[in-house]
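# Geometric and topological summary
This is what each chain is made of:
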Amino acid sequence: MTQLTVFGTLTTLGPFHLAHAGMSAEIDQNGRVRKLSAGTAKLPCTPTYKVPFPLSGDLAIGFDGTVRAVAEVPCLPGTSIRGKLRRVIAKRVKRHFVATGQLLSREAYHCIQCGAFSGDGIKANLTTSAEVIAAKEHLFTGIFGGGPRLFRSNLRTHDSYLYCAETEATNVQPVVPETPALIRAYQATFAHPFIRRDDLLDFLDPIAPDVIENYAEAFESWQNTVLVTQERKALDRNAALEARAAKKRGEIVEKPDAGASSEKQKKVMLKGQSALEAVMPGVNFGFRIDIRGDDAQCGLVLAGIVDMIKEENFGGKCASGYGRMGAHLRVMNEQGEEFPFLDYDGRTLLVGTQIKAYSEALEGGLAQLTSASFEAIYNPKTDASPRKGKGDDHEDDEA
């Protein structure tokens, strides 16, 4: 059994954004992103995912002089890295099946992609010791595990935190990048506003009259719909302001009846302005992945990391060029020996020659890989009364 640790830094080559679910934010008058405590944002902003870190001493003093107990540090979750790594490795496996003319069931396909073929609980018999050994020795399942019988994974992906003064103080980073600049977490992000236009009402498309059926009628209908919506929104806004003023005067304000005729307006207008919070280019995130397996399994993960860094963008807004990452990674074996693994600056990719033995073992493992071996592990036969339960392995779904 080989044990490898891949560690180093990821460097943002462009803006990076990973939406923080359930969080609301706005842009303040200084252009900074802040949490929205109540009410409606003047300019709504989708915050990027962050993790709180405790503060003490000088680090507790923010940019505005206020003392804070925690800092919100941008983070690339390990589950997101794992899901992306799993899919690039699955792509390599699927290319092998296409080249050798092998097919997969829908269930096995989904298990390869995300670790489960359904979300309604475990639907397989109890495993035998022989099946556990077979799954452990399998090129793919020995690394990722999962499936309806929840085989153990031998791959551990750690959260990647922004390298900044706050994370340096807690020693959570696997390596300290060689950089003289040590930024604070709040300095690493910026607000990126964007506007969506209505090409029809703003007369931005001179060809529209020639391609839209019944252009005049369609234009007038859409214009009336937007005007009515704007009027109703203005009435609702004025009513809310009046209710707030009355409440300040000490008057009793009745809550509107949910079943009253005041219909809620749908977001029919295309035109609007919003923003998102992004991590700026040129900053570093710590990176660490632990692997346990034979040489072929370790080679599969190492090859997947190369593909992931070279081909994939991280987070959201990838279609706009967000999420490109450079990398400076090393590998440490179970004897504590380190050697260079991967350097990528966005243009040139360099892979260390010391991983050649793992690459050769991977070639031999892929040559013996069959779709039948996946079916036996990921799509097993069930009895008439399958065991019920929860907990299918969904940890590889991307954030």
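Structure shown above.
Everything in this summary refers to the structure shown in the same document. Computed from a prediction, not measured in an experiment: that's the story for all the values here.

## Observations regarding the overall build of the chain
- Across its full length, the chain holds 10 helices and 14 strands.
- Taken across its 399 residues, the chain has 40% of its residues classed as buried.
- In the chain, of all internal contacts separated by at least 6 residues, the share reaching a separation of at least 24 is 74%.
- Summed over all atoms, the accessible surface of the chain reaches about 22200 Å², with 52% contributed by carbon and sulfur.

## Brief notes about the sheet that holds strand S1 (residues 2-12)
- Taking strand neighbours across the sheet as the criterion, the 6 strands line up as S7-S11-S1-S12-S13-S14 in an open arrangement whose pairing is antiparallel. Here the strands that pair on one side only, and so sit at the sheet edges, are strand S7 (155-157) and strand S14 (349-351). Taken pair by pair, the neighbouring strands of this sheet meet at an average axis angle of 15°, ignoring direction.
- Each of S1, S7, strand S11 (284-293), strand S12 (325-332), strand S13 (338-344) and S14 is contacted by helix H8 (residues 295-311), which is oriented at about 155° to S11, the strand it contacts most.

## So, the sheet that holds strand S8 (residues 160-161)
- Pairing in this open sheet of 3 strands is antiparallel, and the strands run S5-S6-S8 from one edge to the other. Both edges of this open sheet fall to strand S5 (50-54) and S8, since each of them pairs with a single strand only.
- Two elements, S5 and strand S6 (residues 70-76), share 5 bridges in a ladder whose sense is antiparallel. Bridge pairing in S6 links proline 54 to valine 70.

## Some thoughts on the side chain of threonine 2
- Of note, threonine 2 is situated in strand S1.
- Accessibility expressed as a relative area gives 10% for threonine 2, which makes it buried.
- A distance of 2.9 Å separates polar atoms of two side chains, one belonging to threonine 2 and the other to aspartate 295.
- In contact with threonine 2, not counting residues within four places along its chain, are Ile291, Arg292, Gly293, Asp294, Asp295, Cys298, Glu334 and Tyr358.

## Observations regarding the packing of helix H1 (residues 78-100) against helix H2 (residues 106-114)
- As a packed pair, H1 and H2 sit with axes 8 Å apart at the nearest point and diverge in direction by 140°. Between H1 and H2, the angle falls in the class oblique. Touching Arg86, Arg87, Ala90 and Lys94 of H1 are Tyr109, Cys111, Ile112, Gln113 and Cys114, all from H2.
- Its residues assigned to classes, the contact of H1 with H2 shows 5 nonpolar, 1 polar and 3 charged.

## Topic: H2
- Of all the residues in H2, the buried ones are Ala108, Cys111, Ile112, Gln113 and Cys114.
- In this fold, the buried residues of H2 make contact with H1 and helix H10 (371-378).
- In the segment just after H2, glycine 115 is the residue with positive phi, at about 95°.

## Things to note about the packing of aromatic side chains
- Across all of its chains, the model carries 8 aromatic pairs by this definition.
- Ring centres of phenylalanine 97 and phenylalanine 374 lie 5.6 Å apart, and the angle between their planes is 90°; on these two criteria the pair is classed as edge-to-face. Of this pair, phenylalanine 97 sits in helix H1 while phenylalanine 374 sits in helix H10; the two residues are 277 residues apart in sequence, bridging distant segments of the chain. You'll find phenylalanine 97 and phenylalanine 374 in the same group, each marked buried.
- Ring geometry for phenylalanine 140 versus phenylalanine 144: centroids 5.0 Å apart, planes at 35°, classification tilted.

## Quick look at the packing of H8 against helix H9 (residues 356-367)
- Put simply, H8 and H9 touch, their axes get as near as 7 Å, and they point 105° apart. Judged by the inter-axis angle, H8 sits roughly perpendicular to H9. Contact residues: Asp295, Ala296, Cys298, Gly299, Leu300, Leu302 and Ala303 in H8; Tyr358, Ala361 and Leu362 in H9.
- Across the contact of H8 with H9, the residue classes break down as 8 nonpolar, 1 polar and 1 charged.

## Considerations on unusual backbone geometry
- Of note in the backbone geometry, leucine 150 takes a positive phi value of approximately 55° without being a glycine.
- One can find leucine 150 in the loop between helix H4 (141-144) and S7.
- Judged by relative accessible area, which is 34%, leucine 150 ranks as partly exposed.
- Unusually for a residue other than glycine, asparagine 214 sits at a positive phi of about 50°.
- With respect to the helices, strands and loops of the structure, asparagine 214 is situated in the loop between helix H6 (208-211) and helix H7 (215-248).
- Of the residues examined, asparagine 214 reaches a relative accessible area of 51% and is grouped as exposed.

Procedures and definitions
- Residues numbered from 1 in each chain as written.
- Predicted model: local features only at pLDDT ≥ 70, side-chain atom pairs only at ≥ 80, totals over all residues.
- Heavy atoms only, no water.
- Helix = DSSP H or I, 4+ residues; strand = E, 2+ residues; numbered from the N terminus.
- Buried < 20%, exposed > 50% of the residue type's maximum accessible area, 1.4 Å probe, protein only.
- Contact = heavy atoms within 4.5 Å.
- Areas by Shrake-Rupley, 256 points an atom, 1.4 Å probe, with all protein chains shown as cover.
- Pairing = 2+ DSSP bridges.
- Axes fitted to C-alpha atoms, helices over the stretch in contact; angles between N-to-C directions.
- Polar contact = N/O pair within 3.5 Å; in protein donor to acceptor, adjacent residues only side chain to side chain.
- Parallel < 35°, antiparallel > 145°, perpendicular 65-115°, else oblique.
- Nonpolar A, V, L, I, M, F, W, Y, C, P; charged D, E, K, R; others polar.
- Phe/Tyr/Trp six-rings, centres within 6.5 Å; stacked < 30°, edge-to-face > 60°.

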